[in-house]
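Examining the three-dimensional arrangement
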Amino acid sequence: FGGARISYIFNEIFASSLYSVGAFDGLGDEEIRTTIQNANGTRPALFVPEISFDILVKRQIGRLHEPGIQCVDLCYEELQRISAQSEPVELSRFPVLRERMVEVVSNLLKRCVGPTQMMVGNIVKIELAYINTSHPDFIGGSRAVARLMEKIGQDNDSNRRRSTRPGIVHPPNTGGDNPSTVTTATGAGVGATPLSSSSLSNYPLNAADNDNDDGSLANTPARVLHPPPYDSSGAGGGLMNFIFGAGNKATTTGGNKWLDGKENNNATATPGGPPSIVHLPQVPDNITRETGEVPTDRERVEMEIIKSLISSYFGIVRKNFIDMVPKTIMYFLVNHVRDAMQNELVSELYRDAEIGTLMQEAEDIAQRRQTCTEMRDLLSKALEIVNEVRDFNTFK
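Residues numbered from 1 in each chain as written. Predicted model: local features only at pLDDT ≥ 70, side-chain atom pairs only at ≥ 80, totals over all residues. Heavy atoms only, no water.

Quick notes on the overall build of the chain
Scanning the chain from terminus to terminus reveals 13 helices and three strands. With 396 residues in all, the chain has 27% of them scored as buried. Taking contacts inside the chain between residues at least 6 apart in sequence as the whole, the part at least 24 apart equals 71%. (Helix = DSSP H or I, 4+ residues; strand = E, 2+ residues; numbered from the N terminus. Buried < 20%, exposed > 50% of the residue type's maximum accessible area, 1.4 Å probe, protein only. Contact = heavy atoms within 4.5 Å.)

Next comes the structure, spelled out in structure tokens:
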């Protein structure tokens, strides 16, 4: 009853509902990815763009406004219920006075609801106005990156322990050997430099030649692409002639699948001549990704960092909001109504010109009082008659 019900609204309804609100409700990974990409602008940022964090966290903080307003409405309805239950029985005798008292209390509550709702809205606006990344409870960018790197390291360690790569032997590093060079089961060396002769000699001619049952380098067919020897005259050798030369069918007629894994459909080259001009396609009005497109490693790291920051800061704001809204309601609504009610009733009801109207009784009350008065007179006369009969002496 009374204050206990308001406490129930604060702790069991409002607080519990907000704690169930997640930091990523209505916010998917694809939207986070798109926001980060839009925040980068004309070039990829060296670090995670802060503007994407501001945009996303402000959007999630704005979702707290509506629950705060609903909490104010629930408390307002509870105060109206309390005022209705607090009416004394004697007020039923004076219906006009009762109606005026209810009207004065209702107007006072309504006047207090507006500033309370405005203050709750201002709390949300204050949080949106300044994102305090220096808050002591905020995880911060450095700690978010450190935790992410630690998590990635733990995942890599667990994956390395669970599975090993068959067919690959890591030889010990002996002086002049490149430490990044690995030796396959067939004995072919793959160098660390992507355009070195040892590495180019092991690239498959096309994608079909590399379709093995187990996908390892040990089962790669012997049909590989060998670059011609370097010619100082520039006519038959060299790296550029190897890529664009007329003697290499793989680069002219077969495309350049071995370079970027994709077939070039926009340009066709004439054997023995330079490549034709590449025509770029038109820029679409809406740039959208294909459904199910897997994000890159950089995008995954950026998304994880942004999600870590949003989760940390949203938790801080939600905690402050849960604490501030009940205080705001108590100050602007409950306590103000309690302190101002007596003065409001006196100023509105204690008027000489309205005393006669306010103290006018209900018609049924006046009728009942008149009936009681007549009954009392009849009973008094009956009592007198009884007394006379008792005192009468029949033998006298």
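Let's talk about the state of the cysteines
Two cysteines joined by a covalent bond between their sulfur atoms form a disulfide. This model, assessed by the stated rule, comprises zero disulfides. Here Cys71 stays unpaired: no disulfide links it, and the sulfur of Cys75, its closest cysteine neighbor, is 4.5 Å away. (Disulfide = S-S within 2.5 Å.)

Concerning a nonpolar patch on the surface
Taken together, the side chains of Tyr8, Ile13 and Leu74 make up a nonpolar region of the molecular surface, amounting to roughly 260 Å² of accessible area. Assignment of secondary structure puts Ile13 in helix 1 (residues 3-19). (Patch = residues over 30% accessible without salt bridge, like charges linked within 9 Å, V, L, I, M, F, W, Y side chains within 5 Å. Areas by Shrake-Rupley, 256 points an atom, 1.4 Å probe, with all protein chains shown as cover. Salt bridge = Lys/Arg side-chain N within 4 Å of Asp/Glu carboxyl O.)

Structural notes on the pattern of salt bridges
Enumeration over the complete set of coordinates arrives at 16 salt bridges. The salt bridge partner of Arg33 is Glu30, with a shortest N-O separation of 3.7 Å. With Arg33 and Glu30 both in helix 2 (residues 29-40) and three residues apart, the pair spans about one turn of that helix. Classification of Glu30 by relative accessible area gives partly exposed; the value is 42%. Residue Glu31 is joined to Arg59 by a salt bridge in which the shortest nitrogen-to-oxygen separation is 2.0 Å. Taken together, the positions of Glu31 in helix 2 and Arg59 in helix 3 (residues 50-62) put the pair 28 residues apart, joining distant regions of the chain. Given the relative accessible area of 32%, Glu31 is considered partly exposed. Judged by its relative accessible area of 37%, Arg59 falls in the partly exposed class. Counted as one network, the salt bridges with shared partners bring together Arg100, Glu348, Arg351 and Glu354.

Some words on the packing of helix 4 (residues 65-85) against helix 5 (residues 95-129)
Remark: helix 4 packs on helix 5, axes separated minimally by 9 Å, with the N-to-C direction vectors making an angle of 160°. Classed by the angle they form, the pair helix 4 and helix 5 counts as roughly antiparallel. Two packed elements cross with a definite hand, and for helix 4 against helix 5 that hand is right-handed. Counting all contacts with helix 4, which are made through His65, Gly68, Ile69, Val72, Asp73, Tyr76, Leu79, Gln80 and Ser83, the residues of helix 5 involved are Val105, Leu109, Lys110, Val113, Thr116, Gln117, Val120, Gly121 and Val124. (Axes fitted to C-alpha atoms, helices over the stretch in contact; angles between N-to-C directions. Parallel < 35°, antiparallel > 145°, perpendicular 65-115°, else oblique. Left-handed = near helix turned anticlockwise from the far one by under 90°.)

Digging into the nonpolar core
Core analysis: the biggest nonpolar cluster contains 60 residues, and Phe53, Cys71, Cys75, Tyr313, Phe321, Ile329 and Leu333 have the highest contact counts within it. Those elements that place two or more of their residues in this core are helix 1, helix 2, helix 3, helix 4, helix 5, helix 6 (140-162) and helix 11 (297-349). Top element by residues in this core is helix 11. It accounts for 19 residues. Ignoring sequence-local partners within four residues, the contact set of Cys71 consists of Ile9, Phe10, Phe14, Val325 and Ile329. (Core = buried A, V, L, I, M, F, W, Y, C linked by side-chain atoms within 4.5 Å.)

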